[in-house]
Amino acid sequence: MTELLGIPPQVLFGQMLIGLINGSFYALLSLGLAIIFGLLNIINFSHGAQYMLGAFAAWLGLQYFGVNYWVALVLAPVCVAAFGILLERTLLRRLYREDHLYGLLLTFGLALIIEGSFVHWFGVSGQPYAVPESLQGGQNLGFMFLPTYRGWIIVASLVVCFGTWYMIERTRLGAYLRAGTENPQLMQAFGINVPLLITLTYGYGVALAALAGVLAAPIYQVSPVMGSNLLITVFAVVVIGGMGSILGSILTGLLMGLIEGLTKVFYPEASSTVIFLVMIIILLVRPAGLFGKEA
Amino acid sequence: MTLTKKLLATAVMSAMAATSTLAQAGQYSDDEIRVAYLADMSGTYSALSGPGGLEAAKMAIEDIGGSINGKKITIVSADDQNKPDIGANKVRQWIDVDNIDMVAGMVASSVTIAVNKVVEQKNKISLVSGSAASSITNEYCTPNSIHWVYDTYALAHGTAKAVVQEGGKSWFMLTADYAFGHALERDVEKVVQENGGEIVDKVRHPFPTSDFSSFILQAQGSGAQVIGLANAGADTTNSLKTASEFGITQAGQKLAGLLIFLNDVHSLGLKVTQGLQLTTGFYWDRTEETRAWSQRYFERTGRMPTMVQAGVYSSLMHYFKAVQAADTDETQAVLQQMRDTPVNDFFAQNGKIRIDGRMVHDMYLAEVKKPADSTNEWDLYKVLRTIPGDEAYRPLSESQCKLVQK
Amino acid sequence: MISKSDNPKVLYGVLLGLAILAPLAIYPVFLMKVLCFALFASAFNLLLGYVGLLSFGHAAFLATGGYITGHILTQWGLSTELGIIFGTLAATALGYIFGKLAIRRQGIYFAMITLALAQLVFFLFVQAPFTGGENGLQGIPRGNLFGLISLQDNLSMYYFVLAIFIFGFALIQRTIHSPFGQVLKAIRENEPRAISLGYDVDKYKLLAFTLSAGLAGLAGSTKSVVFQLASLTDAHWHMSGEVVLMTLLGGVGTLFGPVVGAATVVSLQNYLAQGPLGSWVTVILGLIFVICVLAFRSGIVGEIQKFMRKNFE
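Only a predicted model underlies this, so the values are computations on that prediction, with no experimental measurement involved.

Student: Can you help me understand the overall build of chain A in this one?
Tutor: A count of helical and extended segments in chain A gives 11 helices and 2 strands. Helices and strands in chain A line up, N terminus first, as α-α-α-α-β-β-α-α-α-α-α-α-α. Computed over the C-alpha atoms, the radius of gyration of chain A is 19 Å, within 12% of the 19 Å expected from 2.2 N^0.38 for a compact globule of 295 residues. Every one of the 295 residues in chain A was classed for burial, and the buried ones make up 56%. A separation threshold of at least 6 residues defines the contact pool for chain A, and within that pool the share at least 24 residues apart is 75%.

Structure, rendered in structure tokens:
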């Protein structure tokens, strides 16, 4: 049997597929961050907490109201987005004229409040959430056994990611959004309600995070701290892709998943650090990120 | 000037405290017996120790009558957040400011080792129930600490030995990449090799890890008969969950969870964990005494005790009885009394405290029941066999502890 | 009324008196913790408050100081002050490397690159054998000052830490009021203008970054001696976030702000954790963060200064 890089190709393909699955989480999360940054100029440090809220909304829904997975997949992001919109209207709105650092600090504080409250109520150890019945089991792909649910994650997140990209780059609404990013005053003069556009964008970004949370619930434990360590990794993804670049955040998310997956084979101890190394190298070589435009 | 006076007074007092180590019966510092409980109260290990352990400690205080020889017992507690700096700091402050006599609980090995250093320096007592690392009574042993419930050596000698003897000869180790994981991995490797097995491959994962799919896939690809999990808490439950998702056991590989607590099995459910073999220092449904005590605990907390929570009660009770017998709370006198008396309660039969601080007692090899065999929510284990204490724990002849004379 | 020029001297005198008497009333180890974090936050503030650079990786310097000092004191048996000096130098050197890589970037990119570098340092500390991984470096001897004065006693240790703090604080105060400090402020206010005036802005920023890193390392070194322990907590990115909170709460760009902020945060963590509000500490810190950003952007000291200016001048 031939070997690639010292390991059998089956193993390598398996690991790359696993990497892509994790990458699709990064893509969903970093896409949300990139959209929010693009229009609001805010580094949303509560993105991890909102991802956790999505997972918890699904878990609480199932536990107390018997809401099943498929309903939660729609309902949880809507609820969390509504909460996000509330935060935007009451708190974030006050900071748009300030340095972005204040937005970062405010959302960092919000993340501490949200995560701290959930730790108080639910403890840190995770709550289990069962894989929905129709997605249990798996397929033997020849080189690996792929659980159906993991396959579903790739499909679902790619559809949502590229759907979002299409909406922003190819539709009228997207054109408003992009114009709002470039020149909000002009848009206002054309009679577009820019504050509403901003609110909805923030809500959408948050909904993406919550959706990722619902998708993650059955394979990771639902825990109050599930978002906090993921968050800085996702930041790194956004920076590598180029702040505010939509396509950049999606592709970089998938790519980083792959790189991390391969690191888990060759040097597993470093798997949670490798993305930061990539980020430093990219920023030194291409300061605006892989897909970003030089200012 | 008052400043110099007060400074002088402090210096004189600390000098006096240092010299008056000889205990007299009837002597109690502050006229109270002050105990402390330090554990992870909110983090990843809180379900196995945490608030439940504090409840067990309070049970012990109530059972001894709230006071000993007319001296009131008081308890303070804190969350160490699994961070050695926070834990060591807290204990230092408890000793310096609140004048506590002893500390119980303690989970993360890193916290325990740091706390034991402080306790030794200040000549107090620590009774460790939660930690796993066998190094606590080996290279890090102190004359002031007692390790009560279990350790990595016992886990490896219980579970790994049983699995190898049943024919699980080739192993893949999945290890948490920090001191506890390394210690457990080392102990397991030795046992596997001594019993004619081999370690095919191993992988060390960052602590903590949320996604184990890649590692489980590597374990699957290795073709080993047994996948040994040298991790704890959420890492273990996540590995088990992922293994079940990828159909590891259906494909013929066996999982060996080396450190698994009752609450892990309870939260994962029997469907995922059935057939898993594990070593434990205590199981609630083993004898009449264990059932009686656990039932009382259950009525207070709504959960059955883990071995750690039961150990907190047992260790504190032994301490209280020693204080009662010695009629003082002076450290060395109480420690001597504790060592001289065998531990006999619902938790341990004829347990003995060795010079290196190891409380040697019987361990149990258990198997997680099939869902069909379980009659209630907490009916989770079947005890397969009792491992005599002397077989379970590292013999003193192999010890590197500075207190052991060879 | 006290004339304006006398004001700071009187203030410093009173504060010094309070600091000397404080251990009679308050547990000295707690005071030492406050002083270490106050120095750490002051070092961080030198960068954020006076150069306008938000570093999200300052934990790396705190931890480097602590680990190097700890290693030297446990393994080499040097006297305490030498251990602290070497720890500080190591952090300074690391700061120079970070600075070299990061200062060309601005705003968010600067924050992210310092975060990423600090993550690499964290990884090194997890992997390197000398740090003891999760266990941390334990049992660091407090030793003897200049080989003579035993620091085992909390009081003598306290006065030693106070001396270190005063040294660090005075260094920051001198830096800010020096011509070098004026250039830094000019860079913060208007970088292109500073460049057009012919200042080598990058060199100034690098120097400020290195100095800030060194002082953060000094705080870490001292802390490791006080607690006889160096651990991963100090290297984790949460620590980098905490120092931002301390500085913001006390007042960015004010000399005493970080000290007040550090004292407040450390007291909250210490005293709140014992009471019934114990499990709410994170939430309360988060609330403080939010309130500061929304309502008191100039922090406690900044607000007091504003109030004084409005009413007394």
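Student: So what exactly am I meant to see when it comes to the overall build of chain C here?
Tutor: What chain C contains, in helices and strands, is 13 helices and 4 strands. Its C-alpha radius of gyration of 19 Å places chain C within 12% of the 20 Å reference for a compact globule of 313 residues. Across the 313 residues in chain C, those meeting the buried criterion constitute 53%. Of all intrachain contacts in chain C linking residues separated by at least 6 positions in sequence, the fraction that spans at least 24 positions is 76%.

Student: What is the right way to read the interface of chain B and chain C from this model?
Tutor: Often, the extent of an interface is quoted as the loss of accessible area upon association of its parts. Every contact between the two is made by 25 residues of chain B and, on the other side, 20 residues of chain C. Of all the secondary-structure elements, those providing two or more residues to the side of chain B that touches chain C are helix H1 (2-19), strand E3 (71-79), helix H3 (84-96) and helix H4 (109-121) of chain B. When the residues that make up the side of chain B that touches chain C are grouped by side-chain class, the tally is 11 nonpolar, 7 polar and 7 charged.

Student: How should the interface of chain A and chain C be read in this particular structure?
Tutor: Facing 33 residues of chain A, the contacting portion of chain C comprises 30 residues. Looking at the side of chain A that touches chain C, the elements that each hand over two or more residues are helix H4 (100-122), helix H9 (226-241) and helix H11 (274-285) of chain A. When residues of the side of chain A that touches chain C are assigned to their parent elements, the largest contribution, 15 residues, is made by H4 of chain A. In terms of residue class, the side of chain A that touches chain C is made up of 24 nonpolar, 6 polar and 3 charged.

Student: What exactly am I supposed to notice about the packing of helix H5 (residues 148-170) of chain A against helix H10 (residues 246-266) of chain A here?
Tutor: The relative placement of two packed helices is expressed as an angle between their axes plus a distance between the axes. All names here are of chain A. Where H5 meets H10, the axes come as close as 10 Å, and the angle between the chain directions of the two elements is 165°. One way to sum up the angle between H5 and H10 is to call them roughly antiparallel. The way H5 lies across H10 gives a crossing that is left-handed. Contacts between H5 and H10 involve Cys 161, Trp 165 and Ile 168 from the first element and Ile 246, Leu 247 and Ile 250 from the second. Considering only residue class, the contact of H5 with H10 consists of 6 nonpolar, no polar and no charged.

Student: Any chance you could explain the sheet that holds strand E11 (residues 277-280) of chain B here in plain terms?
Tutor: Strand pairing in a sheet relies on backbone hydrogen bonds. The paired strands run either parallel or antiparallel. All names here are of chain B. Pairing is antiparallel across the open sheet formed by 3 strands, whose spatial order is E11-E14-E15. Where the open sheet ends on each side, the last strands, each with one partner, are E11 and strand E15 (381-387). On average, adjacent strands in this sheet sit at an angle of 30° to one another, irrespective of strand direction. Contacting E11, strand E14 (363-368) and E15, helix H5 (residues 152-165) runs over the sheet at an angle of about 155° to E11.

Student: Sorry, what's going on with the pairing of strand E10 (residues 254-257) of chain B here?
Tutor: Looking down a regular strand, the side chains alternate between one sheet face and the other. All names here are of chain B. Note: strand E9 (residues 226-230) against E10, 4 bridges, orientation parallel. Each bridged residue has a counterpart across the sheet, and for Ile 227 the counterpart in E10 is Leu 255. The handedness of the E9 to E10 crossover, carried by helix H8 (residues 233-245), is right-handed.

Student: Please clarify how the sheet that holds E9 of chain B should be interpreted in this entry.
Tutor: Residue and element names in this part refer to chain B. Taken together, the 4 strands give an open sheet; going across it, the order is E8-E7-E9-E10, and neighbouring strands pair in parallel fashion. Each edge of the sheet is formed by a strand with only one pairing partner; in this case those strands are strand E8 (198-205) and E10. Averaged over neighbouring strand pairs, the angle between their axes works out to 20° when direction is ignored. In the sheet, strand E7 (residues 170-176) pairs with E8 via 7 bridges, with the strands oriented parallel. Pairing of Met 173 across the sheet is with Lys 202, part of E8. The sheet contacts of H8 involve E7, E9 and E10, and relative to E10 the element is tilted by about 170°.

Student: Explain the environment of Gln 81 of chain B here, please?
Tutor: Residue and element names in this part refer to chain B. Residue position: Gln 81 is located in the loop between E3 and H3. Judged by local crowding, Gln 81 falls into the buried class, with 20 C-beta atoms found within 10 Å. With 244 residues separating them in the primary sequence, Gln 81 and Ala 325 have C-alpha atoms 35 Å apart. Once residues lying within four places of it in the same chain are set aside, the contact partners of Gln 81 are Asp 40, Gly 43 and Ile 86.

Student: Which parts of the structure should I look at to understand the UniProt feature "transmembrane region" (unreviewed entry) in chain C?
Tutor: Residue and element names in this part refer to chain C. Taken from the UniProt record, the annotation "transmembrane region" (unreviewed entry) applies to residues 12-30, 37-62, 82-99, 108-128, 155-172, 243-268 and 280-300. Structurally, residues 12-30 comprises 89% helix and 0% strand, and the distance from its first C-alpha atom to its last is 22 Å. For the annotated span residues 37-62, helix accounts for 62% and strand for 0% of the residues, and the straight-line distance between the end C-alpha atoms is 10 Å.

Student: What exactly am I supposed to notice about the UniProt feature "transmembrane region" (unreviewed entry) in chain A here?
Tutor: Residues and elements named next belong to chain A. Here the UniProt feature "transmembrane region" (unreviewed entry) sits at residues 25-47, 67-88, 100-122, 149-168, 189-220, 232-258 and 265-285. Within residues 25-47, the helical portion is 74% and the strand portion 0%, while the C-alpha atoms at the span's ends are 13 Å from each other. End-to-end, the C-alpha atoms of residues 67-88 are 27 Å apart, and along that stretch the chain is 91% helix and 0% strand.

Student: Where do I start with the pairing of E11 of chain B in this structure?
Tutor: Residues and elements named next belong to chain B. Burial along E11 is two-sided: Gln 277 and Thr 279 and Leu 278 and Thr 280, pointing in opposite directions, are all buried. Pairing between E11 and E14: 4 bridges, direction antiparallel. Across the sheet, Leu 278 pairs through a bridge with Ala 366, a residue of E14.

Student: Help me out: how do you make sense of unusual backbone geometry in this one?
Tutor: Residues and elements named next belong to chain B. A positive phi angle, near 65°, is found at Met 106, a position not held by glycine. On the secondary structure map, Met 106 appears in the loop between strand E4 (102-105) and H4. Here Met 106 falls in the buried class, since 33 other C-beta atoms lie within 10 Å of it.

Student: Sorry if this is basic, but what is going on with helix H6 (residues 154-177) of chain C here?
Tutor: Each α-helix winds once per 3.6 residues, and so residues spaced three or four apart point in a common direction. In this model H6 of chain C runs 34 Å from its N-terminal to its C-terminal C-alpha over 24 residues, within 8% of the 34 Å that 1.5 Å per residue would give. Among the residues of H6 of chain C, Met 157, Tyr 158, Phe 160, Val 161, Ile 164, Phe 165, Gly 168, Phe 169 and Ile 172 of chain C are the ones counted as buried.

Student: Where do I start with the packing of helix H6 (residues 172-182) of chain A against helix H8 (residues 194-216) of chain A in this structure?
Tutor: Residue and element names in this part refer to chain A. Packing of H6 against H8 brings their axes to within 11 Å, and their N-to-C directions diverge by 105°. The orientation of H6 relative to H8 falls into the category roughly perpendicular. Residues Tyr 176, Leu 177 and Gly 180 of H6 pack against Val 194, Leu 197 and Thr 201 of H8.

Student: Explanation requested: the nonpolar core in the structure shown.
Tutor: Soluble globular proteins tend to pack their nonpolar side chains together in the buried interior. Formed by 343 residues in total, the largest nonpolar core has its most connected members in Ala 210 of chain A, Leu 316 of chain B together with Leu 39 and Phe 40 of chain C. Residue contributions to this core peak at 17 residues, all from helix H1 (residues 9-40) of chain A. Mapping this core onto the domain boundaries places at least three of its residues in each of domain 1 (33-150 + 287-357) and domain 2 (154-280 + 364-389) of chain B. For Leu 316 of chain B, the residues in contact, after removing those within four places along its chain, are Val 35, Ala 57, Ala 60, Ala 104 and Leu 127 of chain B.

Student: Where do I start with H11 of chain A in this structure?
Tutor: With 12 residues, H11 of chain A extends 17 Å from end C-alpha to end C-alpha; this agrees with the ideal 16 Å at 1.5 Å per step. Listed in full, the buried residues belonging to H11 of chain A are Val 274, Ile 275, Phe 276, Val 278, Met 279, Ile 282 and Leu 283 of chain A. Residues of H11 of chain A that are buried in the fold lie against H9 and H10 of chain A together with helix H5 (107-127) of chain C.

Student: Even after reading the chapter, I still don't get the confidence of the model for chain C, so can you show me in this structure?
Tutor: Caution applies to low-pLDDT regions: their predicted coordinates should not be interpreted in detail. Residues and elements named next belong to chain C. Put simply, chain C has an average pLDDT of 89, and 96% of its residues get 70 or more. Ignoring residues within four places in sequence, the model shows residues 1-5, a span with pLDDT below 50, making 2 contacts including any to other chains. Predicted complex, confidence summary: ipTM 0.85, pTM 0.88.

Student: Is there a simple way to explain the environment of Gln 63 of chain A in this structure?
Tutor: Residue placement: Gln 63 of chain A occurs in helix H2 (residues 47-65). Along the sequence, Gln 63 of chain A and Arg 178 of chain A sit 115 residues apart, while their C-alpha atoms lie 41 Å from each other.

About the cut-offs
- Residues numbered from 1 in each chain as written.
- Chains lettered and ligands numbered in written order.
- Predicted model: local features only at pLDDT ≥ 70, side-chain atom pairs only at ≥ 80, totals over all residues.
- Helix = DSSP H or I, 4+ residues; strand = E, 2+ residues; numbered from the N terminus.
- Rg over C-alpha atoms; globule rule 2.2 N^0.38 Å.
- Buried ≥ 20, exposed ≤ 12 C-beta atoms within 10 Å, placed from the backbone.
- Contact = placed C-beta atoms within 7 Å.
- Nonpolar A, V, L, I, M, F, W, Y, C, P; charged D, E, K, R; others polar.
- Axes fitted to C-alpha atoms, helices over the stretch in contact; angles between N-to-C directions.
- Parallel < 35°, antiparallel > 145°, perpendicular 65-115°, else oblique.
- Left-handed = near helix turned anticlockwise from the far one by under 90°.
- Pairing = 2+ DSSP bridges.
- Right-handed = clockwise from strand over helix to strand, strands pointing away.
- UniProt positions renumbered as here; feature names shortened; annotations may be inferred.
- Expected span 1.5 Å × (residues − 1).
- Core = buried A, V, L, I, M, F, W, Y, C linked by C-beta atoms within 7 Å.
- Domains from an automatic or database assignment.
- pLDDT = per-residue confidence, 0-100.

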